[in-house]
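One-letter residues, chain by chain:
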Amino acid sequence: MMEGKITLELNGQIWSIGINRPDKRNALDGAMFDALANALLLAQSDIRVHCVLLHGASDSFCSGHDTAAFGTLWPQAADGAVRRCINAFSEQLKPLLAAVNGAAVGFGATMLLHADWVVAGESAMFRFPFADLGIVPEAGATALLARRVGDLTARDWLLSGRPIAAAEALQRGFVSRVVPNANVRAAANEYALRLAAKPPRALQAARRLLQEGATLPVREAIENELVHLNTFIPAVTWTSSGHG
C-alpha cells in the first residue's frame, strides 16, 4: 500500500501495520492517513485476524501530520482522510498493540490512546505539541488521555507540549512496558501471540465493554456484561478445571 509507506503483513493471526516513511520521521500525509484507515478496516473485516500490531520503520514511530500537507487536509470533510483514520482507530473491534521506537509526536502519540498494550524502547519520546502549533488535540485525546494518565498529568502534557521520556510514560501509565530499543518488536510480537491464541469473540467483546465502561455507572456496566455472558456461556464447553 502507498508504495510501501504503509506496509501490511499477516503473520498467522497477527495483522502488522507498518508506518514506513523514514525520511520524514514517518509523518503522515493525506494518502497515508487514508491507507492507514484502510489497513485498520481490512483487519477488522478479515476473520483470520485476531489482533493488530502497529509499528514504525527505522528509528521513529510516527511524527504525526506532515505539516507540509496541512493546507490540503484541513478543514476536514465528513469523508476526510484524517477523520476516516481517527474513526478507524476508535471503531476497531480487535485488540490493538503498538511497538514504539523513537519519537511518537502529535497524531503519533494520540493514536496510542486507542491501543490496548504499548511497548516502548528505552529511548522512545512522546510529545503532544498541539498548543505550540496553535491548534487543539485530536483523536479523542481530550477525553482519553486523562482516563489513562490522570487529569493533572493530561493537562500538563497537552498544554505544555513538553517531551515525555519513556520512563515517565511508563510511570504515568501511558505505556505498558519499556524494553531495550532492540527488543521492542520482539516484545510486541510475543504479547500479540498470547492474545491471538485466545477466543477472538471474547477478546473483542471485552475490549468493547472496557471502552464503553470507562464512562458508565457500575450498575449499567454490570448489565452490559450480563448481556454478553448470557450469549457466550451457552456456547462454552466447560471442563472440571473451572474458569477464571
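Preceding this section is the structure that the text describes.
Quick summary incoming for the structure in this document. On a predicted model such as this, the values are computed, not experimentally measured, just so you know.

## Overview of the environment of Q76
Turning to its location among the elements, Q76 is positioned in the loop between helix 2 (70-73) and helix 3 (81-90). Only 3.0 Å separates the side chain of Q76 from the backbone nitrogen of R83, close enough to count as a polar contact.

## Points about the packing of helix 5 (residues 141-149) against helix 6 (residues 151-160)
The relative placement of two packed helices comes down to the angle between their axes together with the axis-to-axis distance. Packing of helix 5 against helix 6 brings their axes to within 7 Å, and their N-to-C directions diverge by 130 degrees. Viewed along their axes, helix 5 and helix 6 adopt a mutual orientation that is oblique. For the pair helix 5 and helix 6, the crossing hand works out as right-handed. Counting all contacts with helix 5, which are made through A141, T142, L145, A146 and V149, the residues of helix 6 involved are D151, T153, A154, W157 and L158. The residue makeup of the contact of helix 5 with helix 6, split by class, is 7 nonpolar, 2 polar and 1 charged.

## A few points about helix 9 (residues 200-213)
Helix length check: helix 9 (14 residues) gives 20 Å between terminal C-alpha atoms against 20 Å at 1.5 Å per residue, within 8%. For helix 9, the complete set of buried residues consists of L203, A205 and R207.

## Here we look at the pairing of strand 2 (residues 14-19)
Of all the 6 residues making up strand 2, 6 are buried; the element is thus mostly covered by neighbouring parts of the structure. The side-chain alternation of strand 2 yields two buried faces, one formed by I14, S16 and G18 and the other by W15, I17 and I19. Across 6 bridges, the pairing between strand 1 (residues 6-11) and strand 2 is antiparallel. Residue L8 lies in a different strand from strand 2, and its bridge partner there is I17. Here strand 2 runs beside strand 3 (residues 51-56); their pairing, made up of 6 bridges, is parallel. Considered in strand 3, the bridge of I17 is made with L54. Regarding the hand of the β-α-β motif, the stretch spanning strand 2, helix 1 (residues 30-45) and strand 3 is right-handed.

Conventions used here
- Residues numbered from 1 in each chain as written.
- Predicted model: local features only at pLDDT ≥ 70, side-chain atom pairs only at ≥ 80, totals over all residues.
- Heavy atoms only, no water.
- Helix = DSSP H or I, 4+ residues; strand = E, 2+ residues; numbered from the N terminus.
- Polar contact = N/O pair within 3.5 Å; in protein donor to acceptor, adjacent residues only side chain to side chain.
- Axes fitted to C-alpha atoms, helices over the stretch in contact; angles between N-to-C directions.
- Parallel < 35°, antiparallel > 145°, perpendicular 65-115°, else oblique.
- Left-handed = near helix turned anticlockwise from the far one by under 90°.
- Contact = heavy atoms within 4.5 Å.
- Nonpolar A, V, L, I, M, F, W, Y, C, P; charged D, E, K, R; others polar.
- Expected span 1.5 Å × (residues − 1).
- Buried < 20%, exposed > 50% of the residue type's maximum accessible area, 1.4 Å probe, protein only.
- Pairing = 2+ DSSP bridges.
- Right-handed = clockwise from strand over helix to strand, strands pointing away.

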